[in-house]
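As a plain string of letters, each chain reads:
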Amino acid sequence: MANRQMPPAPENHLRLSWHDTQMMASLSPQTVMDYFCRKSNPFYDHLCNNETIRMQRLGVEHLHNMMGLEYILLHVAEPILYVIRKQHRHNPSEATPIADYYIIGGTVYKAPDLGNVINARILNTVVNLQAAFEETSSYARYHPNKGYTWDFSSNKVLSDKSKSDKKDANAAKDDNSGTLFQKQRVDMLLAELLRKFPPPIPPMLQNLQQPLQPGQMPTTTGTDGGATNSADNNATGPLDIATEAIDMKPPPEKKSK
């Protein structure tokens, strides 16, 4: 029984590029179609209507009267960018786009369609997420008492980063406790409240705060209610505040009968 060989997989044109060094310098909107229709170009189909009119030496305007595969110049941004479209013409007024090719600096590339772009982005996202999950799971630790924890000690970069993040968070917390304007504002409000509502002064200190007349000596109140001169009480030392004397006599003894 003969072995059946699988047909070769079609070549992915998204990974290809082509250029012709002999005609790259002379590219223009008039010569770009001849440049693209070179036989060495892997993006060019030799069974298209463009090849037919080239062999018959007809003008490009005859493509509208033919049906089948054709290439047209879609967009021009001289001198570096040209966009060529591959399409299937059904009638002179209707054609179905198949693929787009762009020429940048003389090099031809195939433009990816929307499906290829979405698939590439999704695949790139899934691969990065899988790598992130695998690296994250390698730092997970489990202990019967503590449960699941993270251990970044094996990765010096992550360990140093976590320490620096903690320091930055603590520094930011200290800085956010209050600005200089807020602190000064609070001090001003407290001083204003203290001025409007002063604390009560004890009676002993009220006489000390009374202003003295010129030549008058400060006086204090004695135990018997009379005013005495402070110079008599203490001529050289600081002012003494009079205090009430306390009788420390022992209780009378009981007489025995």
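Our subject in this report is the structure included herewith. Treat the numbers as computed from the prediction; the structure is a model and nothing was measured.

1. Let's talk about the overall build of the chain
Assigned secondary structure in the chain consists of seven helices and eight strands. When the 257 residues of the chain are sorted by exposure, 16% land in the buried category. Here the chain displays about 21300 Å² of accessible surface, and carbon together with sulfur accounts for 57% of that area.

2. Observations concerning the pattern of salt bridges
By the definition in use, this model includes six salt bridges. One salt bridge connects R89 with E70, and the closest N-O pair in it is separated by 2.8 Å. Residue R89 is found in strand β2 (residues 81-91), and its partner E70 is found in strand β1 (residues 68-77); the two are separated by 19 residues along the sequence. Exposure remark for E70: the relative accessible area of 1% places this residue in the buried category.

3. Here we look at the sheet that holds β2
With antiparallel pairing, the four strands of this open sheet are ordered in space as β1-β2-β3-β4. Edge positions in the sheet fall to β1 and β4 (107-110), since each has one partner strand and no second. Averaged over all pairs of adjacent strands, the angle between their axes in this sheet comes to 30 degrees, without regard to strand direction. Bridging between strand β3 (residues 94-104) and β4 involves four bridges; their strand directions are antiparallel.

4. A word on the nonpolar core
Counting 19 residues, the largest nonpolar core has F36, Y71, I103 and V108 as the members making the most contacts within it. Residue assignment for this core shows that the elements contributing at least two residues are α1 (32-36), β1, β2 and β3. Sorting elements by how many residues they give to this core places α1 first, with four residues. Those residues within four positions of F36 in sequence are excluded, and the remaining contacts are N41, F43, Y44, Y71, I84, Y101, I103 and V108.

5. What to know about the packing of aromatic side chains
Taken as a whole, this structure holds eight aromatic pairs when the rule is applied. Ring geometry for F36 against Y101: centres 5.5 Å apart, planes inclined by 50 degrees, an arrangement best described as tilted. Within this pair, whereas F36 is found in helix α1, its partner Y101 is found in strand β3, the two being separated by 65 residues in sequence. A single burial state applies to F36 and to Y101, both of which are buried. With a centroid separation of 5.5 Å and an interplanar angle of 40 degrees, the aromatic rings of Y44 and Y71 are classed as tilted. Here Y71 lies in strand β1 and Y44 lies in the loop between α1 and α2 (49-55), a separation of 27 residues in the sequence. Grouping residues by exposure puts Y44 and Y71 together as buried.

Conventions adopted
- Residues numbered from 1 in each chain as written.
- Predicted model: local features only at pLDDT ≥ 70, side-chain atom pairs only at ≥ 80, totals over all residues.
- Heavy atoms only, no water.
- Helix = DSSP H or I, 4+ residues; strand = E, 2+ residues; numbered from the N terminus.
- Buried < 20%, exposed > 50% of the residue type's maximum accessible area, 1.4 Å probe, protein only.
- Areas by Shrake-Rupley, 256 points an atom, 1.4 Å probe, with all protein chains shown as cover.
- Salt bridge = Lys/Arg side-chain N within 4 Å of Asp/Glu carboxyl O.
- Pairing = 2+ DSSP bridges.
- Axes fitted to C-alpha atoms, helices over the stretch in contact; angles between N-to-C directions.
- Core = buried A, V, L, I, M, F, W, Y, C linked by side-chain atoms within 4.5 Å.
- Contact = heavy atoms within 4.5 Å.
- Phe/Tyr/Trp six-rings, centres within 6.5 Å; stacked < 30°, edge-to-face > 60°.

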